[in-house]
Amino acid sequence: MDLPLNLCQSKSDWKEDGLAAFLIFGLFLSYVPQLLRIIRAGTSVGFSPWFLLLGSTSSAAAMLNIITLQYPVIRCCTQVSLGKCIEQTAGILQVSIQWFLFTMILVLYMLYYPPNLKYIQLDIDTHDARPIHHVRTNLKSSEWRLSVIVSWVVFLHLAIITITTFVLLTDSPPSSDSTVPHPPQITLWATFLGVTSGLLAAVQYAPQLLQTYNLKLVGALSIPMMVIQSPGGIVMAVSIAMRPGTDWTSWVMYAVSAVMQTWLLFVCLGWKIRQRRLGIDDFGRPLGEAEQVSVEGTIPSEEDGVSVVIEDETVEAVTEDTPLLTLKPGGIVHRGGILGWIQNLGK
């Protein structure tokens, strides 16, 4: 089918193109502090897995919404130059970058999840002068299990809506009415994606607000990212609304997210003031205190096949009458590969 000439040969709007380029640069500028903060801190404590689930699925739905609505524009790339193609699909590029960068937060959240919080810990009182021993079992904690489930749900959600989108786009016949850019089923699917994206974005920040409020610490959240993204979300919504073929379902998620993120920003700023007053850092440690590294040893147990880990301590043999022995400090385990290289850059 021939594409409308006025769609593929639309005139360049330098203001619109400049705004798109500015927003793409702003996306990287806003997310990099958050990604580096997790890597440098070596922990993702402070994030709510529900926040990451809702944010990842919301941004994925928004990305496929604009791909669906701008599919005729994408097809124009076969008839125009590369530069013109990039210019016309800048809206898709913006939303795709936003989805990728937010999903990277989920990836780093899983990679840097605190090891001592992955498993259930027990406090054992030896009833003598020695301090209480912190024993880690091999039973996964409820939040770590939830985090693993969240990762799978995000992956399956992305796979399902991606396959559905491209099946509909390739199999649906073109609209018989030249004034209607999409067949009814395409419009219905795009509306579904846009509405679900907006609804997910509306509730996305509720679990993170609750988590941050109860923690009473900023944690691994990046305030510079929120300072940039809170007003940036409104600008991005306006930019997407100006793109050909889009409607309110394409930009509503970014407007809602901007409002909710502003709320989270003010909560974090409030806790930042409180932390300074109490003399603690974003993770609750006294300011100026040297960072402590926990050395862990694995201890096999004969009962029920459950292994335990004694933090900062180990034993040579485990029986009911065997006392726990003190472990001599070992070396610090560093990450290898690309993540280790990036972590070293942040030091």
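Rules used in this analysis
- Residues numbered from 1 in each chain as written.
- Predicted model: local features only at pLDDT ≥ 70, side-chain atom pairs only at ≥ 80, totals over all residues.
- Heavy atoms only, no water.
- Helix = DSSP H or I, 4+ residues; strand = E, 2+ residues; numbered from the N terminus.
- Contact = heavy atoms within 4.5 Å.
- Areas by Shrake-Rupley, 256 points an atom, 1.4 Å probe, with all protein chains shown as cover.
- Disulfide = S-S within 2.5 Å.
- Buried < 20%, exposed > 50% of the residue type's maximum accessible area, 1.4 Å probe, protein only.
- Axes fitted to C-alpha atoms, helices over the stretch in contact; angles between N-to-C directions.
- Parallel < 35°, antiparallel > 145°, perpendicular 65-115°, else oblique.
- Left-handed = near helix turned anticlockwise from the far one by under 90°.
- Phe/Tyr/Trp six-rings, centres within 6.5 Å; stacked < 30°, edge-to-face > 60°.
- Lys NZ or Arg CZ within 6 Å of the ring centre and 35° of its normal.
- pLDDT = per-residue confidence, 0-100.
- Salt bridge = Lys/Arg side-chain N within 4 Å of Asp/Glu carboxyl O.

Scanning the chain for helices and strands turns up 11 helices and six strands. Of the contacts formed within the chain by residues at least 6 apart in sequence, a portion of 75% connects residues at least 24 apart. Working note: accessible area of the chain is about 18,900 Å², and carbon and sulfur atoms make up 67% of it.

Here the focus is the state of the cysteines. All chains considered together, the criterion is met by one disulfide. In this model cysteine 77 forms its disulfide with cysteine 85; the gap between the sulfur atoms is 1.9 Å. Every disulfide takes its handedness from the sign of the S-S torsion; for cysteine 77 and cysteine 85 that torsion is 80°, giving right-handed. By relative accessible area, which is 24% here, cysteine 77 ends up partly exposed. What makes cysteine 85 buried here is its relative accessible area of 14%.

A separate point is the packing of helix 3 (residues 49-69) against helix 10 (residues 248-278). Packing of helix 3 against helix 10 brings their axes to within 9 Å, and their N-to-C directions diverge by 155°. When the interaxial angle is binned, helix 3 and helix 10 end up roughly antiparallel. Our pair here, helix 3 against helix 10, has a crossing hand that is left-handed. Along its contact with helix 3, which presents Ser58, Ser59, Ala62, Asn65 and Leu69, the element helix 10 presents Thr249, Ser250, Met253 and Tyr254.

A full pass over the atoms with the stated rule returns seven aromatic pairs. A centroid spacing of 5.6 Å and a plane angle of 90° characterise the contact between tyrosine 109 and tyrosine 113, whose relative ring orientation is edge-to-face. Comparing tyrosine 109 with tyrosine 113 shows no difference in burial state: the two are buried. Members of the aromatic cluster, each reached through a chain of ring pairs, are Phe51, Phe102 and Tyr205. Over the ring of tryptophan 144 we find lysine 118; its NZ or CZ atom is 4.5 Å from the centre of that ring. The ring centre of tyrosine 213 lies 5.1 Å from the NZ or CZ of lysine 216, which sits over that ring.

Of the residues in the chain, 74% have a pLDDT of 70 or more, and the chain-wide mean is 77. Averaged pLDDT values over the elements of the chain bottom out at 35 in strand 6 (residues 325-326) and peak at 94 in helix 7 (residues 142-171). Note on residues 1-5: pLDDT is under 50 here. Beyond four places in sequence and across chains, it has seven contacts. Here residues 292-339 scores under 50 on pLDDT; set against residues more than four positions off or in separate chains, the count is 72 contacts.

The tally for this structure, following the rule as stated, stands at four salt bridges. In this structure, arginine 37 and aspartate 282 form a salt bridge, with 2.5 Å as the shortest nitrogen-oxygen distance. With arginine 37 in helix 2 (residues 14-41) and aspartate 282 in the loop between helix 10 and strand 3 (296-299), this residue pair connects regions lying 245 residues apart in the sequence. Aspartate 281 serves as the salt-bridge partner of arginine 285, at 2.9 Å between the closest nitrogen and oxygen. The class of aspartate 281 is buried, set by a relative accessible area of 18%. One network of salt bridges, in which partners are shared, links Arg37, Lys272 and Asp282.

Here we take up the environment of phenylalanine 283. Relative to the helices and strands, phenylalanine 283 is located in the loop between helix 10 and strand 3. It is 7.1 Å that separates the C-alpha atoms of phenylalanine 283 and valine 218, two residues lying 65 residues apart in sequence. The contacts of phenylalanine 283, once residues within four sequence positions are left out, are Arg37, Ala41, Thr43, Val45, Leu217, Gly219 and Ala220.

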